[in-house]
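Tertiary structure, described
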Amino acid sequence: MKEQKKHENLTYLALWGMLFAVPVLSLYMRSVSNPVIDFEWREVFMIWKQFGIFLVIFLIHNFLLAPLLVYKQRRALYFGIVAVMIGGFIVYQCTNRPTERRAFNHEPPPMEQMEPSHREQMEPHHQRPPRPRDFKDHGRHRPPMVVGQHDVIALIILILMLGMNIGIKLYFKSRHDAKQLMALEKENLEQQLEYLRYQINPHFFMNTLNNIHALVDIDPEKAKDTILELSKMMRFVLYEGDKKGVPLSREFDFIRHYVTLMRLRYTDKVDVQVDLHTEVPDYQVPPLMLITFIENAFKHGISYQHDSFIHVKADIIFNSQFSILNFTCRNSKANCQQPTANSQQGGVGLANVKQRLNLLYGENYTLNIQDDSETYNVELQIPLT
């Protein structure tokens, strides 16, 4: 809020500074272009005196009245006070306007105030005696002017100035509100992602511990190796799982450890192929995003009655704007029905991933799931940073 006030006040200072500089520059240019005209500060001070009245009204309106409308929404009080202030300004203008008697009576200015060329032209006219008609014109009664052209122009300028003040305040207020809204949305997004990460870790370890439990009775030696691989994965989850992004190479290493752990449980009838590059550019990806699809493939794609397969591949598509991670996971289907990303049968896994993708990438990702009678294919494309 303080930063907003600072920028707003600097804007007003710049506008009023330029306004007060205009008479100085105008008189200077006139004096340079016309040698007869002298640069006199008295004329500048007269104009600044008129500007000073507007400046005082502006300060009162900016610091006392405008906040009533913009921040406190007290419209009736604001418009009532502004109407009184405008009325007082009109009274001041009408009672303190420069004398216009000479202009109404077509009376020329004094000879000593004229320029030499005008004085020579007007001198013969002043030397001749006035005609009776001239005396009649000078004695003609004219009603006093209540509101002159000068007053109307001053009133229009005042209204435009107050409107400009309100417009600038609304602009900076809208910017402040937009920043606050973005901050709230970001905080809400981080809270949602934090909640989803807390869901991922227990869900993942629950499935992994079930696999280890199955191996303890079947092959204790493999169960030991499984615990070793699990410790490597736990280190990744402990130190990297709560971050917004992890290096793509670390995510690939985590996938390799998981696949190694799962291979210990199954026989050679399960064709597991993992094609992940060992050397990848220094890109960041959300942690534990890809493993859910692979976990889902092992959970629902392995059959003990017939041959099964799980094929995982990840490559990087480079283009002129940004790079894209193209991840595919294709597996056979067991007798049970494989859940889709929108299905409730997959627990928190797939639904969680899709929600995270929506929060992190919005419309900038592609997730295609093909659920055929015998195969289940997932293709994910996300931008890399």
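Residues numbered from 1 in each chain as written. Predicted model: local features only at pLDDT ≥ 70, side-chain atom pairs only at ≥ 80, totals over all residues. Heavy atoms only, no water.

1. Notes on the overall build of the chain
Of regular secondary structure, the chain possesses eleven helices and seven strands. Counting only residues that meet the buried cut, the chain has 35% of its 385 residues in that class. In the form shown here, the chain has an accessible surface area of approximately 24200 Å², with 59% of it arising from carbon and sulfur atoms. (Helix = DSSP H or I, 4+ residues; strand = E, 2+ residues; numbered from the N terminus. Buried < 20%, exposed > 50% of the residue type's maximum accessible area, 1.4 Å probe, protein only. Areas by Shrake-Rupley, 256 points an atom, 1.4 Å probe, with all protein chains shown as cover.)

2. Here's the deal with the nonpolar core
Judged by nonpolar contacts, the single largest core of 49 residues is most densely connected at Ile294 and Phe298. For this core, the leading source of residues is helix H9 (residues 248-263), giving eight residues. Sequence-distant contacts of Ile294, that is, excluding residues within four places in its chain, are made with Ile255, Tyr258, Val259, Val312, Phe327 and Cys329. If you look at the next biggest cluster of nonpolar residues, it comprises 22 residues, including Trp16, Leu69, Ile86 and Leu158. (Core = buried A, V, L, I, M, F, W, Y, C linked by side-chain atoms within 4.5 Å. Contact = heavy atoms within 4.5 Å.)

3. Quick notes on helix H1 (residues 2-33)
Taking 1.5 Å of rise per residue, the 32 residues of H1 would be expected to cover 46 Å, and the 46 Å separating its terminal C-alpha atoms lies within 8% of that figure. Among the residues making up H1, those that are buried are Gln4, Glu8, Tyr12, Trp16, Pro23, Val24, Leu27 and Ser31. (Expected span 1.5 Å × (residues − 1).)

4. Some remarks on the pairing of strand E5 (residues 324-332)
Taking burial as the measure, the nine residues of E5 include seven buried ones, the bulk of the element. One ladder, built from eight bridges, connects strand E4 (residues 308-317) with E5; its direction is antiparallel. What sits directly across from Ile317, in E5, is Ile324. As defined by bridge partners, E5 adjoins strand E7 (residues 375-383) across nine bridges and the pair is classed as antiparallel. The partner of Asn331 across the bridge, within E7, is Tyr376. (Pairing = 2+ DSSP bridges.)

5. A look at the pattern of salt bridges
Taken as a whole and assessed by the stated rule, the structure comprises six salt bridges. With a closest N to O distance of 3.4 Å, Arg42 and Glu40 form a salt bridge. You can call Glu40 partly exposed: its relative accessible area is 30%. When the shortest N-O distance is used, the salt bridge between Lys173 and Asp177 registers 3.0 Å. One end of the pair, Lys173, and the other, Asp177, are both in helix H7 (residues 149-218), four residues apart, so they sit about a helical turn from each other. (Salt bridge = Lys/Arg side-chain N within 4 Å of Asp/Glu carboxyl O.)

6. A word on the sheet that holds E4
Pairing in this open sheet of five strands is mixed, and the strands run E2-E4-E5-E7-E6 from one edge to the other. Looking at strand neighbours, the two that pair on one side only are strand E2 (270-276) and strand E6 (366-371), the edges of this open sheet. Pairwise comparison of adjacent strand axes, ignoring direction, gives a mean angle of 5° for this sheet. Most of the contacts of H9 go to E2, to which it runs at about 165°, and overall it touches E2, E4 and E5. Relative to the sheet, helix H10 (residues 291-300) contacts E2, E4, E5, E6 and E7, its axis offset from that of E5 by approximately 5°. (Axes fitted to C-alpha atoms, helices over the stretch in contact; angles between N-to-C directions.)

7. As for the confidence of the model for the chain
Here the chain averages 77 in pLDDT, and 76% of its residues register 70 or above. Note on residues 134-139: pLDDT under 50 across the span, and two contacts to partners over four residues away in sequence or across chains. pLDDT under 50 marks residues 340-347. Its contacts with residues more than four places away, or in other chains, come to 14 contacts. (pLDDT = per-residue confidence, 0-100.)

8. Describing the packing of aromatic side chains
Centre distance and the angle of the planes are the two values used to describe a pair of aromatic rings. Applying the stated criterion to the full structure yields 14 aromatic pairs. Relative to Trp48, the ring of Phe20 has its centre 6.0 Å away and its plane inclined at 55°; by these criteria the two rings are tilted. On the criterion of sequence distance, the pair formed by Phe20 in helix H1 and Trp48 in helix H2 (residues 41-70) is long-range, its members being 28 residues apart. A relative accessible area of 26% places Trp48 in the partly exposed class. (Phe/Tyr/Trp six-rings, centres within 6.5 Å; stacked < 30°, edge-to-face > 60°.)

9. Comments concerning unusual backbone geometry
Positioned with a positive phi, Gln73 is a non-glycine residue whose angle comes to about 60°. Relative to the assigned elements, Gln73 resides in the loop between H2 and helix H3 (75-95). Judged by its relative accessible area of 40%, Gln73 falls in the partly exposed class.

10. Remarks on the packing of H1 against H2
When two helices pack together, you describe them by how their axes are tilted relative to each other and by the distance separating the axes. Two elements in contact, H1 and H2, have axes separated by 9 Å at closest approach and are oriented at 165°. The angle between H1 and H2 places the two elements in the roughly antiparallel class. You can see that H1 and H2 cross each other, and the crossing is right-handed. In contact with Glu8, Asn9, Tyr12, Trp16, Leu19, Phe20, Pro23, Val24 and Leu27 of H1, H2 contributes Trp41, Glu43, Val44, Ile47, Trp48, Phe51, Gly52, Phe54, Leu55, Phe58, Asn62 and Phe63. The residue inventory of the contact of H1 with H2, partitioned by class, reads 16 nonpolar, three polar and two charged. (Parallel < 35°, antiparallel > 145°, perpendicular 65-115°, else oblique. Left-handed = near helix turned anticlockwise from the far one by under 90°. Nonpolar A, V, L, I, M, F, W, Y, C, P; charged D, E, K, R; others polar.)

11. Focus on a nonpolar patch on the surface
The grouping of Tyr28, Met29, Val32, Phe39, Trp41 and Phe45 at the surface amounts to a nonpolar patch, some 650 Å² of accessible area in total. Counting only elements with at least two residues in the nonpolar patch, the list comes to H1 and H2. It is H1 that provides the largest number of residues to the nonpolar patch, a total of three residues. With respect to the secondary-structure elements, Trp41 resides in helix H2. (Patch = residues over 30% accessible without salt bridge, like charges linked within 9 Å, V, L, I, M, F, W, Y side chains within 5 Å.)

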